[in-house]
Amino acid sequence: MEYILMFIAAVFVNNIVLSQFLGICPFLGVSKKVSTALGMSGAVAFVLVLATIVTYLANACILKPFGLEYMRTITFILIIAALVQMVEIVLKKVSPSLYSALGVFLPLITTNCCILGVALLVIQKDFNLLQSVVYAFSNAIGFGFALVLFAGLREQLEFSETPKAMRGMPIALVTAGILAMAFMGFQGLVK
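In short, a report on the structure. Since the model is a prediction, treat every value here as computed from it, not as a measurement.

All told, the structure shown has six aromatic pairs when counted by the stated rule. Residues Phe183 and Phe186 carry aromatic rings whose centres are separated by 5.7 Å and whose planes lie at 70 degrees to one another, so their mutual orientation is edge-to-face. Judged by relative accessible area, Phe183 falls into the buried class, the value being 4%. One aromatic cluster is present, formed by Phe12, Phe145, Phe183 and Phe186 through successive ring pairs.

This is how it looks when you write it as structure tokens:
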């Protein structure tokens, strides 16, 4: 039951993008088309779960035993950058169409603060490895859900008559704000 509540909380109540405001750059940058948003969600989910596992193990096996907790952030950044490079190489070979569709946004995963944020939150919340993986996966689903939902809304906005001054990013920001307020309605669902 604990893991189900953790999943619901991460996807709806404390959504990594809409409640904690981590990962806003790819949220706004890749959300013009649903197909691209789905690809980015998959790549972020893979890197997020893998990075959480590797950073958890690095913290538990190297940083803590040697008293190097102060090196946590820089170590995690280096691990995440290496994992993104690995994902980029794999995507280039396995799915060139997805690789080209993501284009410049794939390197954004390296600087996606939700990945570093989740890795640090796992340590801060003192989760064990299984809880860490569930938390990372749940946040990845929450990120993907928000991204795809927002991309669908932005696609619909292309067909609506928006005032000239609000076209493009202004209406996208207003829509993101309304979406964040809608997710605030889930606040009482789970503690």
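Additional details are given in the paragraphs that follow.
So, on to the environment of Ala140. One can find Ala140 in helix α7 (residues 129–158). Owing to a relative accessible area of 4%, Ala140 belongs among the buried residues under this scheme. When the C-alpha atoms of Ala140 and Asn128 are compared, they prove to be 18 Å apart, with twelve residues separating the residues in sequence. Once residues lying within four places of it in the same chain are set aside, the contact partners of Ala140 are Ala45 and Leu48.

Topologically, Asn59 is positioned in helix α3 (residues 34–63). Side-chain polar atoms of Asn59 contact the side chain of Arg72, separated by 3.0 Å.

Residues Leu18, Phe27, Ile109 and Ile115 are the most contacted members of the largest nonpolar core, which totals 52 residues. Those elements that provide at least two residues to this core are α2 (24–29), α3, α4 (72–94), α6 (113–124), α7 and α8 (169–183). Ranked by the residues each element gives to this core, the list is headed by α3, at twelve residues. In contact with Ile115, not counting residues within four places along its chain, are Val47, Leu48, Ala51, Ile80 and Ile109.

About the cut-offs
- Residues numbered from 1 in each chain as written.
- Predicted model: local features only at pLDDT ≥ 70, side-chain atom pairs only at ≥ 80, totals over all residues.
- Heavy atoms only, no water.
- Phe/Tyr/Trp six-rings, centres within 6.5 Å; stacked < 30°, edge-to-face > 60°.
- Buried < 20%, exposed > 50% of the residue type's maximum accessible area, 1.4 Å probe, protein only.
- Helix = DSSP H or I, 4+ residues; strand = E, 2+ residues; numbered from the N terminus.
- Contact = heavy atoms within 4.5 Å.
- Polar contact = N/O pair within 3.5 Å; in protein donor to acceptor, adjacent residues only side chain to side chain.
- Core = buried A, V, L, I, M, F, W, Y, C linked by side-chain atoms within 4.5 Å.

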